[in-house]
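# Examining the three-dimensional arrangement
Each chain, letter by letter, is given below.
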Amino acid sequence: MTATPAIVSDNKVRATHEIIEATLDAVSDGMLVLDPQLRVTAWNVRFLDLYPHLRESCMVGESAQALYLSDGGVRRDKGLISDAVDWAETRIRNILSGLPSIKDEAPNGDTIQILPRTLPDGSVVLVHRPVDRVSAEQQRELRASDYLHDTLENVDHGIASFDAQHRLTLWNRRYVELTDTPPSMVVAGLPLLDIIRNLAATGNLGKGDPETLARRYYEACTTDLPRIMERKTADDRTVEVRASKGLDGGLIICVIDITDRIAQAEALKESEERYALAAAGANDGLWDWDLKKNSIYLSDRWKKMLGYEPNEIGSSPDELFSRIHPFDVQEVTARLEAHLNTDQSQFECEFRALHQDGTYRWMLIRGVAVRDEAGEPLRIAGSQSDITVRKRAEEQMLHDALHDALTGLANRGLFHERIDQALNRLKRGAGRPFAVLYIDLDRFKVVNESMGHGRGDELLIAVARRFEGLLDDVDTVARLGGDEFGMLLESVDDQESAEAFGRRLQEALKEPFVLNGKPYITTASIGIAMGDSHYDRADSLLRDADLAMYHAKAAGRADVGHFRPFMHRKAVQTLDMERDLRQALDREELRLYYQPFIDLGTGRATGLEALIRWEHQDRGVLSPHDFVPLAEETGLIVPIGEWVLKTGVGQLAEWNRRRAPEEALSLAVNFSVRQLDSLEITEGILGWLDEIEFDPSLLKIEITESILMDNPQRSAQLLNRFKQSKVKVALDDFGTGYSSLSYLRTFPIDTLKVDKSFVADITENKDNYEIVRTIVGLARNLDIDVVAEGIENEAQADHLRALGVHIGQGYLYSRPLGRDDMEAVLASGKI
């Protein structure tokens, strides 16, 4: 695509600055046009005359990079440059850099001035002008023409000039756009009236007869000048038209799109109105301090926040600063000076301000300084908010974070902090020994279960108030959780005084508390640890007080105990034991021993009791008494109990397969309270028995009276479920616990096991004999079997047979035996 400009005379070149559009087609320069993506869109013949070596490369759509690479290749071949790629990149960089002109030494030796022109759409027009072919005067005229053209094309206003007959002589692209004139219509000599008629025809002059509208508008543009008019365009924009007299009776018209300016003015007006409304209705007070005059404006709202009427506060800055709390003045002034004297973007500070009623209110003040050209502050203005409610909420949140929500006492976190502070003072030599008490209310669970948690909370609050009344100002009482309290006694510095204080606490608790209108007395177990230099952390001190408390509780409750080093050693041993017990199953350290039940009439075995042992890697074989209580406390009894059941049942099934059906042995397994804790565990056991096709009537679970009565309702539900599935239930150690006829009727008991303490001296102790006789009679009447445990000699066995006891167990017949030994005994048929 090419555009061949006509050759024009020098006179017409000089007239370029007067009639730009009329001379654009007569340009004698080489022209190359690139689109926004720097692809070739047009060129003229003069351009190819100046660069004939580019005739084959200059094509529409060709990239400037490729065009200049071709140009650079020719220059390289002629030895003018060394690197065509680098030359091409530099040329494009210069074009885009905004340089007003680029000097180029063409391959044919001509010196060419390249003038880049960037159009509004991003296109680039490159004017190539041989420098040595025009005179200096012509170059100046060309530059002036270019500058005028560039100026007109880069202003945002539409500008046009008309001669004395109101014919178009000069215009810019923006004028064509704003007058909605078709570009094809715009030529030098176009009458102004024709432009206006086009405006009327396209609806840009409003509704009505187009010719009448055009004549009226033409008259307005050409008479009583200068004149400024506004009109709406067809696309609902607003333009301002300025008509003024030109040279030699001509006319100059400037068209400005003022749509955005009007919108901004309206937005500013709305913003000012909103600001006025916001200032009147906002809770914030406004202030404006003129630093040069040293006067301050304080809004009515500002004054009202501090309880004053508008006329009660003046314009002195002291009206603000004199009301700042003395402790806050330094902070406020320091931040204000930092903003005024440095580059901090904003002044902001929280402080307490004196209210008219004599109280202080928390305020948040913000401000920004206005500065002169030298950066010196002239004034500072901003707002002030009352943040009293927020600050009180923050203070409450801080209090809540460090205090117990129920009692208002210090919580565990604050208690630890206070102990650490006391230890630090002791280490610095600024303090003295102190005592830490760990207090646990005895039988508090009974209150919750019998009276409800609401009454339990009432008791905790009442205890907290009573404890507070016993302390000195330097002491601290805290609720550590549940029914546990802690005390830091800095007023006590020896063990005897600490114990005496603990006794005072005990005495104070003897005075009844009133719960639900009734008196209630509680007691507490108290542990004491003395804070001295060998402690370095609150955790350690509180731990030792806790250990002392548990020893006091174990000694019979309602007691005061002092920490002793052995307590910590024992606690560590227990912790080690727990760790080892958790690994015992994985290490296969647990073993089952079996002790037979003997028919006292025939001497034959009727069943076996599975008894667990632990082969500890360091401590040897441990009996259940050494680790089962710990297993129950930690919950490990559940997986251990499952292992006992499955191992014992599996072994019994194997042994019974070798015996005649009528000689099948039963298996008794001890159950803990944790294993009777949920229906889920019970159903799991029954499902497993069904899965392995084990006769459930051969399984007997043994429970103690204390387990039975821990939760009677739950126990009845779960035992009845076992009974429905034909699993037997034996009551172990009968006679040592609750021993009540009522629960024998309530629970599905199949067997009573007479405790060995009654069997031990049944031959000599008449009372024990009668107790056993009564148990046997009771069981017979209720159709319940009786098993006597702990039989060690024939005399005991004879008495039991005489009383009607048919099944017995004890060392007379067999000690508990390991699997292999019991298998050998069963195989021999002899016990």
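Structure's up top.
Worth saying up front: this structure is predicted, and the values here are computed from it rather than measured.

Parameters and conventions
Residues numbered from 1 in each chain as written. Predicted model: local features only at pLDDT ≥ 70, side-chain atom pairs only at ≥ 80, totals over all residues. Heavy atoms only, no water. Helix = DSSP H or I, 4+ residues; strand = E, 2+ residues; numbered from the N terminus. Rg over C-alpha atoms; globule rule 2.2 N^0.38 Å. Buried < 20%, exposed > 50% of the residue type's maximum accessible area, 1.4 Å probe, protein only. Contact = heavy atoms within 4.5 Å. Lys, Arg positive; Asp, Glu negative; His and termini not counted. Charge placed at Lys NZ, Arg CZ, Asp CG, Glu CD. Pairing = 2+ DSSP bridges. Phe/Tyr/Trp six-rings, centres within 6.5 Å; stacked < 30°, edge-to-face > 60°. Axes fitted to C-alpha atoms, helices over the stretch in contact; angles between N-to-C directions. Parallel < 35°, antiparallel > 145°, perpendicular 65-115°, else oblique. Nonpolar A, V, L, I, M, F, W, Y, C, P; charged D, E, K, R; others polar. Polar contact = N/O pair within 3.5 Å; in protein donor to acceptor, adjacent residues only side chain to side chain. Arc of directions from axis to C-beta.

In terms of helices and strands, the protein carries 30 helices and 32 strands. For the protein, the C-alpha radius of gyration of 53 Å lies well beyond 28 Å, the compact-globule estimate for 831 residues. Considering only C-alpha atoms, the protein reaches an extent of 155 × 80 × 65 Å along its principal axes. Counting the 831 residues in the protein, one finds 44% classified as buried. When contacts within the protein are restricted to residue pairs at least 6 apart in sequence, long-range pairs at least 24 apart make up 55% of them. Charged side chains in the protein number 98 positive and 137 negative. The centres of these two groups are separated by 1 Å.

This part covers the pairing of strand β25 (residues 605-616). Here β25 lies mainly inside the structure; ten of its twelve residues are buried. Pairing between strand β24 (residues 590-599) and β25: nine bridges, direction antiparallel. Bridging from a neighbouring strand, Gln595 pairs with Glu609 of β25. The hairpin formed by β24 and β25 contains five residues between the paired strands, and Gly603 there has a positive phi angle of roughly 80°. Sheet analysis places β25 next to strand β27 (residues 666-670), joined by four bridges and oriented parallel. If you follow Gly607 over to β27, its bridge partner there is Ser666.

Across all of its chains, the model carries eight aromatic pairs by this definition. The interplanar angle of 80° and the centroid separation of 5.5 Å between the aromatic rings of Trp614 and Phe627 together place this pair among those described as edge-to-face. Taken as a pair, Trp614 in strand β25 and Phe627 in helix α21 (residues 624-634) lie far apart in primary sequence, 13 residues in all. For Trp614, a relative accessible area of 0% puts it in the buried group. On the basis of relative accessible area, Phe627 is assigned to the buried category, the value being 1%.

Let us look at the packing of helix α16 (residues 444-451) against helix α17 (residues 453-468). Contact pair α16 / α17: the axes reach a minimum separation of 6 Å and the direction vectors enclose 140°. Viewed along their axes, α16 and α17 adopt a mutual orientation that is oblique. Contacts from Phe444, Val447, Asn448 and Met451 in α16 reach His453, Arg455, Gly456, Leu459 and Leu460 in α17. Taken together, the residues of the contact of α16 with α17 break down into five nonpolar, three polar and one charged.

It is worth spelling out unusual backbone geometry at this point. With an omega of -5°, the peptide bond running from Leu225 to Pro226 counts as cis. Following the sequence through the fold, Pro226 ends up in the loop between α9 (210-222) and β9 (227-232). In the Ramachandran plot, Asp180 falls in the positive-phi region, its phi being about 55° despite a non-glycine side chain. In this structure Asp180 comes out as partly exposed when scored by relative accessible area, which is 39%.

With that settled, consider the side chain of Asn172. As for its position among the elements, Asn172 is in the loop between β8 (168-171) and α7 (173-178). A relative accessible area of 0% places Asn172 in the buried class. In terms of polar contacts, Asn172 uses its side chain to reach the backbone carbonyl oxygen of His157, at 3.0 Å.

Moving on, we come to helix α29 (residues 794-803). Among all positions in α29, only Gln796, Ala797, Leu800 and Leu803 are buried. Around the axis of α29, the buried residues are gathered within 125° of arc, so they sit on the same side. Residues of α29 that are buried in the fold lie against α27 (756-759), α28 (766-781) and β31 (785-789). Capping the start of α29 is the job of one residue whose side-chain oxygen sits 3.2 Å from the backbone nitrogen of Ala795: Asn793. Immediately downstream of α29, the backbone of Gly804 shows phi near 95°, a positive value.

Before going further, it helps to spend a moment on the pairing of strand β30 (residues 751-754). Of the two faces of β30, the one lined by Thr751 and Lys753 and the one lined by Leu752 and Val754 are each fully buried. Where strand β29 (residues 728-734) and β30 come together, three bridges link them in parallel fashion. Residue Phe734 lies in a different strand from β30, and its bridge partner there is Val754. The pairing of β30 with β31 spans four bridges and is classified as parallel. Its bridge partner being in β31, Lys753 is matched across the sheet by Val787.

The next thing to look at is the environment of Ser525. Checked against the element boundaries, Ser525 lands in strand β22 (residues 524-531). By relative accessible area, Ser525 is classed as buried at 0%. Excluding residues within four positions of it along the chain, Ser525 makes contact with Tyr438, Ile439, Asp440, Asp442, Met549, Ala552, Lys553, Arg557, Ala558 and Asp559. A polar atom in the side chain of Ser525 sits 2.8 Å from the side chain of Asp442.

Turning our attention to the sheet that holds strand β15 (residues 360-371). Taken in spatial order, the five strands line up as β13-β12-β16-β15-β14 in an open sheet, and their pairing is antiparallel. Of all strands in the sheet, those with a lone pairing partner are β13 (295-298) and β14 (347-354), marking the two edges. The mean inter-strand angle of the sheet, taken between neighbouring strand axes irrespective of direction, is 25°. Set on the sheet, helix α13 (residues 329-341) makes contact with β12 (285-290), β14, β15 and β16 (377-386); between it and β14 the angle comes to about 155°. With respect to the sheet, helix α14 (residues 388-402) is in contact with β14, β15 and β16, its orientation differing from that of β15 by roughly 120°.

The strand order across the open sheet built from five strands is β18-β19-β17-β22-β23, with neighbouring strands paired in mixed fashion. What marks the edges here is a single partner per strand, and that holds for β18 (476-481) and β23 (560-562). Put simply, the sheet's adjacent strands are angled 20° from each other on average, direction ignored. Note that β22 and β23 share three bridges and pair parallel. Bridge assignment links Ile528 to a residue of β23, and that residue is His562. Helix α15 (residues 412-427) contacts β17 (434-441), β18, β19 (484-489) and β22 of the sheet and is inclined by roughly 160° relative to β17.

What is shown is where atoms sit, not what they do.
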